[in-house]
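Remarks on the overall topology
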Amino acid sequence: MRRSVAIGLLMTLAWPLVLAGQGVAAVDSLAKAASAASAANTVAINFVWTLVAGFLVMFMQAGFAMVETGFTRAKNAAHTITMNFMVYGIAMLAYWAIGFALQAGGVGALGTLGGYDKLAHEVSITIAGKEWGLFGGTGFFLTGVAYTAPVFAYFLFQMVFMDTAATIPTGALAERWKFSAFAVFSVFVGAVIYPIYANWTWGGGWLAMLGKNLGLGHGHVDFAGSSVVHMTGGVMAFVTAALLGPRRGKYNADGSVNAIPGHNIPMALIGTFILAFGWFGFNAGSTLAGSDLRIGVIATNTMLAGAAGGITSMLYMWFKYGKPDPSMMANGTLAGLVAITAPCAFVTAPSAVLIGGIAGVLVCVAVFFIDGKLRIDDPVGAISVHGVNGLWGILALGLLADGTYGDGWNGVNGAVRGLFYGDASQFVAQAIGGVANVVGVGAMAFVAYKVTAFVVGGHRVAPEVEEPGLDLPEMGALAYPDTLEIGSAVILSETASHGAGHLEPEPEAA
């Protein structure tokens, strides 16, 4: 009897402890479940953010189409806008087949998108015991990753960035470029030219490793593509426009320049608005993480820089030439957006305004220098907007990054700091990235141009095609079939001469 009472008393006393232990286990289980659910929700948010940002960047193609078509003449409008339309599909399939693997085949774990780590084959060379990546080696045709959502989301986002670079040369070469040459050259852009440089900076390549291997800051840093996207497009445009030569009637024998105005300034300005809208996805989306609260800073810096570029370009033209010039306002706004693309996550709001403001003046100076001094005809100012200000953007990061963001970037501890905040080596890494773009992308563009010329029998349309317009001979359709656009023609003299890389013009018929 006493034993039974003792056992009962002991169980009564022990029962709360048993319940308490079960409670702890239950709490631990719930905490783990909540943590797992929170992590899954974070990844889901990052997926949605990355995809929506990619959709915004894809819509920028409409903005480019309107800007470039508006800045060219009515007789070439169908040809210009069709290049902008078809570069999306042509370069995309080339990127899907080859380019994505070369760019991202060695990128490593996609941390914000769930940690997928099978894109890990980087083709590299070893120098002094250090690995220097050259290009990726897995993911061709998106094979081996069937239904792997992180890779597919990352592909979509990176593909629309490539397409932005691919469309830049179409503006610089507009109004005299064979459509067949455009199509073949765009394959090279999507398959090789863009992916290789993108790998060097974003795919774990040698520019990214300048920090780990040589102690140069965090290596070459480009948050959203001032060099990877815009400078790449600008360098391609520079090389190919110089080789193609200017439009008929652009330059006179005495060296003077003839203005060839675009046919639809409202179209170009609306296109600029579309581009500015899409740029929020371009820059803020490059976090690949809707859970990264820095997106608020990035988006605001983007907006401020674009506004500053538009204002300073307006004031520069107004004071120097007496009129504000709507086309330069558009290009100034775009220049500010291009320049802030690399440093948008690393700089303060006043720095963003400064970067955009300098870009607005820089684009005006560059347009007149390239057009008048170098005698390279760029109908839309693509070289100045994207090439010159892409370079300014990466250098601005090397000067003004303030050390509040980027801890661990490219595997280097600590946040990213520029020259004015104590790290001169970061500026050196930025400059090396710029030189590598000019040399590497320039060489690849030159080779691609020559191979394309061999494949399609040259890049330039015949004079008898260029003079009346490319729409009907090249595309088989007029952009404005009911309008006799006499004002879109340029009257040439027999003494008119052409600039670099082109033959003397044919004598004009009466």
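Structure's up top.
Anyway, here's the lowdown on the structure attached to this text. Just so you know, these numbers come straight off a predicted model, no measurement behind them.

**Considerations on a nonpolar patch on the surface**
- Residues L93, W96, I98, F140 and F141 make up a contiguous nonpolar surface patch of about 450 Å² in total accessible area.
- Structurally, F141 can be placed in the loop between β2 (130-136) and α3 (149-172).
- Taking relative accessible area as the criterion, F141 reaches 44% and is therefore assigned partly exposed.

**What about the nonpolar core?**
- Grouped together as the largest cluster of nonpolar side chains are 117 residues, with contacts concentrated most on F100, F161, Y194 and F346.
- The element best represented in this core is α3, accounting for 13 residues.
- Sequence-distant contacts of F100, defined by excluding residues within four places in its chain, comprise Y95, G105, L119, G139, L142, V151, Y154 and F155.

**Section: the pattern of salt bridges**
- Going through the model one piece at a time under the given rule, you end up with seven salt bridges.
- The residue K118 makes a salt bridge to D117 at a minimum N-O spacing of 3.1 Å.
- The class of K118 is exposed, set by a relative accessible area of 56%.
- Residue D117 is classed as partly exposed on the basis of its relative accessible area, which comes to 39%.
- Where R248 meets E467, a salt bridge forms, and the shortest distance between an N and an O atom there is 3.7 Å. Note that R248 is positioned in the loop between α6 (226-244) and α7 (265-284) and E467 in the loop between α13 (463-466) and α14 (471-475), a separation of 219 residues in sequence.

**Details of empty space enclosed by the protein**
- Considering all chains together, one arrives at three cavities of 30 Å³ or more under this definition.
- Considered as a void within the structure, the largest cavity measures approximately 80 Å³ in volume.
- The set of elements that each furnish at least two residues to the lining of the largest cavity consists of α1 (2-70), α9 (326-340) and α11 (382-400).
- Residues of the lining of the largest cavity, tallied by class, amount to seven nonpolar, three polar and one charged.

**Some remarks on the layout of surface pockets**
- Roughly 860 Å³ of volume is contained in the largest pocket.
- V107, W202, L288, W409 and N410 are the residues nearest the centre of the largest pocket, which is lined by 32 residues in total.
- Within the residue set of the lining of the largest pocket, elements represented by two or more residues are α3, α4 (179-202) and α5 (210-214).
- Take the lining of the largest pocket: its biggest share by element is four residues, from α3.
- Classifying every residue of the lining of the largest pocket gives 15 nonpolar, 13 polar and four charged.
- Around the second largest pocket, the lining comprises 26 residues; the ones closest to its centre are I260, S327, M328, V367 and P379.
- When residues of the lining of the second largest pocket are traced back to their parent elements, those giving at least two are α9 and α10 (349-373).

**Observations regarding the packing of aromatic side chains**
- The final tally for this structure, using the stated rule, is 20 aromatic pairs.
- Between F223 and Y405, the aromatic rings sit 6.3 Å apart at their centres with planes inclined by 65 degrees, giving edge-to-face as the arrangement. Linking F223 in the loop between α5 and α6 with Y405 in the loop between α11 and α12 (424-456), this pair joins segments that are 182 residues apart in sequence.
- A cation over a ring is seen here: K118 above Y116, with NZ or CZ 6.0 Å from the ring centre.
- The lysine or arginine in question, R375, covers the ring of Y251, its NZ or CZ lying 4.5 Å from the ring centre.

**Observations regarding the pairing of strand β1 (residues 122-127)**
- With six bridges connecting them, β1 and β2 associate as antiparallel partners. Counterpart to I127 in the pairing with β2 is K130.
- The hairpin turn running from β1 into β2, its antiparallel successor, is two residues long, and A128 in that turn takes a positive phi close to 55 degrees.

**Comments concerning the side chain of S384**
- By the element assignment, S384 lies in helix α11.
- Taking the relative accessible area as the measure of exposure, S384 reaches 2% and is therefore buried.
- In terms of polar contacts, S384 uses its side chain to reach the backbone amide nitrogen of V367, at 3.2 Å.
- Among residues more than four places away in sequence, those in contact with S384 are V363, A366, V367, I370, D378 and N389.

Definitions and limits used
- Every residue gets a number counted from 1 within its own chain, in the order that chain's sequence is written.
- For a predicted model such as this one, the threshold for reporting local features is a pLDDT of at least 70, and the threshold for listing and counting side-chain atom pairs is 80 or more; totals across whole chains, interfaces and linings nevertheless cover every residue.
- No hydrogens and no water enter the side-chain calculation; it runs on all heavy atoms of the structure.
- Each patch is built from residues that are more than 30% exposed by relative accessible area and take part in no salt bridge. Like charges join if they lie within 9 Å; nonpolar side chains (Val, Leu, Ile, Met, Phe, Trp, Tyr) join within 5 Å.
- In this description, accessible areas are obtained by the Shrake-Rupley approach with a 1.4 Å probe, and a residue is regarded as covered only by the protein chains that are shown.
- One speaks of a salt bridge when a side-chain nitrogen belonging to Lys or Arg is within 4 Å of a carboxyl oxygen belonging to Asp or Glu.
- A run of H or I in DSSP becomes a helix once it reaches four residues, and a run of E becomes a strand once it reaches two; helices and strands are each numbered from the N terminus.
- Buried residues are those whose accessible area, probed at 1.4 Å on protein chains only, stays under 20% of the maximum for their type, while exposed residues exceed 50% and partly exposed ones sit between those limits.
- Here, nonpolar core refers to any group of buried Ala, Val, Leu, Ile, Met, Phe, Trp, Tyr and Cys residues whose side-chain atoms link them within 4.5 Å.
- Any pair of residues with heavy atoms lying within 4.5 Å of one another is described as a contacting pair.
- Grid spacing is 1 Å over the protein atoms alone, the probe is 1.4 Å, and a cavity is where that probe fits but cannot get out, while a pocket is an open set with protein on both sides within 12 Å along at least five of seven lines and lining residues have an atom within 4 Å of a point.
- Grid points are joined across faces, edges and corners, and a volume is the space filled by probe spheres set on the points.
- Amino acid classes used here: Ala, Val, Leu, Ile, Met, Phe, Trp, Tyr, Cys and Pro are nonpolar; Asp, Glu, Lys and Arg are charged; the rest, including Gly, are polar.
- Each Phe, Tyr or Trp ring (for Trp, its six-membered ring) is paired with any other whose centre lies within 6.5 Å, and the angle between the two planes then decides the class: stacked below 30 degrees, edge-to-face above 60, tilted in between.
- Criterion for a charge above a ring: Arg CZ or Lys NZ at most 6 Å from the ring centre, at most 35 degrees from the ring normal.
- One requirement defines pairing of two strands: DSSP has to find at least two bridges between them.
- A 3.5 Å cut-off defines polar contacts: any pair of N or O atoms within that distance qualifies, except that in protein one atom must be a possible hydrogen donor and the other a possible acceptor, and neighbouring residues in sequence count only when both atoms are side-chain atoms.

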